[in-house]
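What the coordinates show
Here is how the chains run, residue by residue.
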Amino acid sequence: MTRHLENGDFSQTETYEYKPGTSIITSVVTTVPGDSRGERIDLTYPSASGTSVERSMVSDNIVSVPIQTRRTFGDAVTTVRHQMKHYGNRVYRPEKTWLRRGVTTEWLAGEYDYDSFGNIRQYRGEDSVVTTYLWGYGGLYPVYRIDGVRYAQAAAYSSSPNFTNGSAELVTPALPAGWHVTKVLWKPLVGMASLRRPD
């Protein structure tokens, strides 16, 4: 592959390996003329001999979602591993993401929670700050983003029984003062109508 840049052409070669009999990529090797380091990306997918969630993914024919990515550049190695969870309705998403650089111990880089539609409800990153998302419009659009509050706390302020599974129409819960809330209103088939950031 050659890219034409303002300061001259840039060439690199990419070589792909696939799972036998499929179009699922298992590795990508990138080399640049004159650079001996090269980059290699190895992808691991759910296996019938893996965890119970992986076996369930294979049973549901969800086999092309990488659960681990190992990137090697010269002597540097970085690994990202996803611990998957089944949220119902053939929805499989990462519950936890683990990182490793070189031969160091893995550390937790993110924790996630989703509803049965695959909408993210809660995220906690390496900094341990929790971010919650509340969905409306039939579970199609995120309406609230609340920083520093767990999903269970935020959902407790909703009066709609359908709110917690993402199937409610526009929900306007009375959220406590002092919460760091971003509110978005949407116009279906048009897009975002308004955005109100925290005061």
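Now for a description of the structure that goes with this document. (Residues numbered from 1 in each chain as written. Predicted model: local features only at pLDDT ≥ 70, side-chain atom pairs only at ≥ 80, totals over all residues. Heavy atoms only, no water.)

**Notes on the overall build of the protein**
Note the following rule: Going along the chain from the N terminus, every DSSP run of H or I of four or more residues is numbered as a helix, and every run of E of two or more is numbered as a strand. Relative accessibility thresholds used throughout: buried, under 20% of the residue-type maximum; exposed, over 50%; partly exposed, between the two (1.4 Å probe, protein chains only). Any two residues whose heavy atoms approach within 4.5 Å are treated as being in contact. Note on areas: Shrake-Rupley, 1.4 Å probe, and residue coverage restricted to the protein chains presented here.
When helices and strands are tallied, the protein shows 2 helices and 14 strands. Counting every position in the protein, which comprises 199 residues, the buried fraction comes to 34%. Considering only contacts in the protein between residues 6 or more positions apart, those separated by 24 or more positions represent 29%. Counting every atom, the protein has about 12,100 Å² of accessible surface; 51% of that belongs to carbon and sulfur.

**A look at the sheet that holds strand 5 (residues 35-44)**
Let me state the cut-off plainly: A pair of strands is labelled paired if DSSP reports no fewer than 2 bridges between them. The axes are straight lines fitted to the C-alpha atoms, using for helices just the contacting stretch, and the angles between their N-to-C directions are given from 0 to 180°.
The antiparallel open sheet is built from 12 strands, whose spatial order is 3-4-5-6-7-8-9-10-11-12-13-14. Each edge of the open sheet carries a strand with a single partner, namely strand 3 (13-18) and strand 14 (191-196). Taken pair by pair, the neighbouring strands of this sheet meet at an average axis angle of 15 degrees, ignoring direction. Two strands pair when backbone bridges link them, and strand 3 and strand 4 (residues 25-32) are joined in this way by 6 bridges, in the antiparallel orientation. Among the inter-strand pairings, E17 is bridged to a residue of strand 4, identified as S27. Packed onto the sheet, helix 1 (residues 52-59) meets strand 7 (76-86) and strand 8 (92-101) and runs at close to 75 degrees relative to strand 7.

**A look at the pattern of salt bridges**
Short version of the rule: In what follows, salt bridge is the name for a side-chain nitrogen of Lys or Arg lying within 4 Å of a carboxyl oxygen of Asp or Glu.
This model, assessed by the stated rule, comprises 7 salt bridges. Note that R81 and E106 form a salt bridge whose closest N and O atoms lie 2.9 Å from each other. Remark: E106 occurs in the loop between strand 8 and strand 9 (107-114) and R81 occurs in strand 7; sequence separation between them is 25 residues. One salt bridge in this structure joins R124 and E111, with 2.2 Å as the shortest N-O distance. Of the two residues, R124 sits in strand 10 (residues 120-125) while E111 sits in strand 9, which places them 13 residues apart along the sequence. When salt bridges that share partners are traced, they join E17, R40 and D42 into one network.

**A short note on the nonpolar core**
Stated precisely, the cut-off is as follows: Nonpolar core, defined: a set of buried Ala, Val, Leu, Ile, Met, Phe, Trp, Tyr and Cys residues in which side-chain atoms within 4.5 Å join the residues together.
Within the largest apolar cluster, 13 residues are counted, with the highest numbers of intra-cluster contacts made by L134, Y137, Y144, I146, A154 and W186. Among the secondary structure elements, those contributing two or more residues to this core are strand 12 (141-147), helix 2 (151-155) and strand 13 (180-187). Here this core gets 4 residues from one element, more than from any other, and that element is strand 12. In terms of nonpolar packing, the next biggest core, distinct from the first, is built from 6 residues, M57, I62, I67 and M84 among them.

**Observations concerning unusual backbone geometry**
Residue N61 is not a glycine yet carries a positive backbone phi of 60 degrees. Relative to the helices and strands, N61 is located in the loop between helix 1 and strand 6 (68-73). Judged by its relative accessible area of 60%, N61 is exposed. Of note in the backbone geometry, R90 takes a positive phi value of approximately 60 degrees without being a glycine.

**Some thoughts on helix 1**
For an α-helix, 3.6 residues make a turn, and residues three or four places apart therefore share a direction. Rules: The directions from the helix axis to the C-beta atoms form the arc being described.
When we look at burial in helix 1, the residues that qualify are V53, E54 and M57. When helix 1 is viewed along its axis, its buried side chains cluster within an angular range of 100 degrees and face the same direction.

**Points about the pairing of strand 11 (residues 130-136)**
A large share of strand 11 lies buried, amounting to 6 of its 7 residues. Inspection of the sheet shows strand 10 paired to strand 11 by 3 bridges, in the antiparallel sense. Looking at strand 11, one finds that Q122 is bridged to T132. Between strand 10 and strand 11, which pair antiparallel one after the other, the connecting turn spans 4 residues, and S128 there sits at a positive phi close to 70 degrees. Bridging between strand 11 and strand 12 involves 6 bridges; their strand directions are antiparallel. In the strand pairing of strand 12, T132 is matched with I146. Between strand 11 and strand 12, which pair antiparallel and follow one another directly, the connecting turn spans 4 residues, one of which, Y137, has a positive phi of 55 degrees.

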